[in-house]
Structures are given as C-alpha cells and as structure tokens.
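Residue-level listing of the chains:
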Amino acid sequence: QKEVEQDPGPLSVPEGAIVSLNCTYSNSAFQYFMWYRQYSRKGPELLMYTYSSGNKEDGRFTAQVDKSSKYISLFIRDSQPSDSATYLCAMSTSGTYKYIFGTGTRLKVLA
Amino acid sequence: EAQVTQNPRYLITVTGKKLTVTCSQNMNHEYMSWYRQDPGLGLRQIYYSMNVEVTDKGDVPEGYKVSRKEKRNFPLILESPSPNQTSLYFCASGLSGATDTQYFGPGTRLTVL
C-alpha cells in the first residue's frame, strides 16, 4: 500500500462547477499537508498549505484535513478553464525534511 | 526575479555515461531537494539538503549523488546512468524545509538509451 493515495483522474467538469480533489494516507505521523498545482510542462507550484487538522480558505480554494480519517481534500469553487492542471497532494512529518507526494489528479475544466 | 533554474532542460544520453544536472536558486534558501516524476508514480524525492554540506537520502536515492558546496547550487550527479533513470527531474528549494513553501524549477527531461 502506498503511503499516499490519489485518484489519477482525469476529472472533467464544466466551467463554474465545484471541484473536489482528495487524498488518503496511511502514516498518522503526517502533520503538514500541501496541495500543488502543476501545469503541463511546468514545475509544481504550491496552492495551499495546512498544518494538522482543520480547514483553510484562500479565494476560490479550500483545503480540508481530517486526521481521524487520514483524508485531505481540496475544493475549487467556480472552476475556470485556467484551473485545468494536475493537482498533487503532499505530506510531511514534523522535524523531517522529507516529502511524500500523491500521484496527482488531472483536472480539465470545460468552457 | 526569484527562481530556481535547472540545466539542461532536455538531455538524451547513453547507458553508463556520467552526467550532471545543475540546479541553482537565487532566493538564499537553506533547503534544496531533487525529485523525479514518473507516470503512475508521481513525484518521488531523491535527495535533499538542509544546508551547505548537509545532505540526506529521500525515497529513491539509488544511482544518484548530490553535493551542496554552496548555498545556491545543488547538482544531481548520475555516475553511471541506466535506462530506468529515464524520467522528468525537478529541483526545488525552500526557506527551511517541511514547514515552508517549496519552489520548483522547470524540470529536466532525461532519456537514457
């Protein structure tokens, strides 16, 4: 079993839809949770960063962490064609410099 | 402009021919890291460095070497490349590691024949 599981998609939604992207993990020691967006032929860029459990909102993006279920989510409201990209979740533990990434979910927002 | 640069961006080589992929950042970051990205496997960490002369293994270090002699540079060395090292490689840097944003370079696509 992989430490971090992420559905690869692709996920196609119409413009304006609410998108839900998810990752599950097995290591209960993870405390830092991140979502990266990666456009085709580009390096990943950080979208959201959350420490421990709870929600965090930034504009159209909301990140949720449920440590009891070992489940994290990224919600995108009012999705735009420019949101079409691969979304990667990533996790790390306190006191370490190692990151574990999910395989990424490819999202396509149709105009 | 704050950035992470990698060179070369594309490289085709043959088995056993030593190569180096350079990585440089201009943000005075202490933390730097190398990843490889493969279909179905995602991003996997190869090596990371917490500061000058301090490096450690990630999840897939076999067949790779790194060095950190200067803060801004973190080259990835493949002493004897093999076809299973064909991949897309990313360098990243951050202020101090797990609690900070990582900034990724544009990637190096390596093909080993």
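See above for the structure.
Residues numbered from 1 in each chain as written. Chains lettered and ligands numbered in written order. Predicted model: local features only at pLDDT ≥ 70, side-chain atom pairs only at ≥ 80, totals over all residues. Heavy atoms only, no water.

### Thoughts on the interface of chain A and chain B
Contact with chain A, which involves 21 residues of that partner, is made by 25 residues of chain B. Both sides together, the interface formed by chain A and chain B hides about 1800 Å², and carbon and sulfur atoms give 55% of it. Counting the contacts that link chain A with chain B gives one salt bridge. In this structure, the salt-bridge partner of A:Lys98 is B:Asp59, at a minimum N-O distance of 3.6 Å. Where chain A packs against chain B, one counts four residue pairs in polar contact (both at pLDDT 80 or more). Those elements giving two or more residues to the side of chain A that touches chain B turn out to be strand 4 (30–38), strand 5 (45–51), strand 9 (85–93) and strand 10 (100–101) of chain A. (Contact = heavy atoms within 4.5 Å. Buried area = accessible area lost by both parts, 1.4 Å probe. Salt bridge = Lys/Arg side-chain N within 4 Å of Asp/Glu carboxyl O. Polar contact = N/O pair within 3.5 Å; in protein donor to acceptor, adjacent residues only side chain to side chain. Helix = DSSP H or I, 4+ residues; strand = E, 2+ residues; numbered from the N terminus.)

### Notes on the sheet that holds strand 7 (residues 65–66) of chain B
Residue and element names in this part refer to chain B. With antiparallel pairing, four strands are arranged side by side in an open sheet as 1-3-8-7. The sheet is open, and its two borders are formed by strand 1 (4–7) and strand 7, each paired with just one other strand. As defined by bridge partners, strand 7 adjoins strand 8 (residues 76–78) across two bridges and the pair is classed as antiparallel. In the sheet register, lysine 65 faces strand 8, and the bridge partner there is isoleucine 77. (Pairing = 2+ DSSP bridges.)

### Section: the packing of aromatic side chains
Evaluated as defined, the whole model comprises 15 aromatic pairs over all chains. Geometrically, the ring pair formed by A:Tyr36 and B:Phe104 is edge-to-face, given 5.5 Å between the ring centres and 85° between the ring planes. One end of the pair, A:Tyr36, is in strand 4; the other, B:Phe104, is in strand 10 (residues 103–104), on a second chain. In this structure, A:Tyr36 and B:Phe104 share a single accessibility class: buried. Judged by centre distance (5.4 Å) and plane angle (80°), the ring pair of A:Phe101 and B:Tyr35 falls under edge-to-face. One end of the pair, A:Phe101, is in strand 10; the other, B:Tyr35, is in strand 4 (residues 31–38), on a second chain. On the basis of relative accessibility, which here comes to 0%, the residue B:Tyr35 falls in the buried class. What links up through ring pairs into an aromatic cluster is the set A:Tyr36, A:Phe101, B:Tyr35, B:Phe90 and B:Phe104. (Phe/Tyr/Trp six-rings, centres within 6.5 Å; stacked < 30°, edge-to-face > 60°. Buried < 20%, exposed > 50% of the residue type's maximum accessible area, 1.4 Å probe, protein only.)

Any functional reading would require information beyond the geometric quantities listed.
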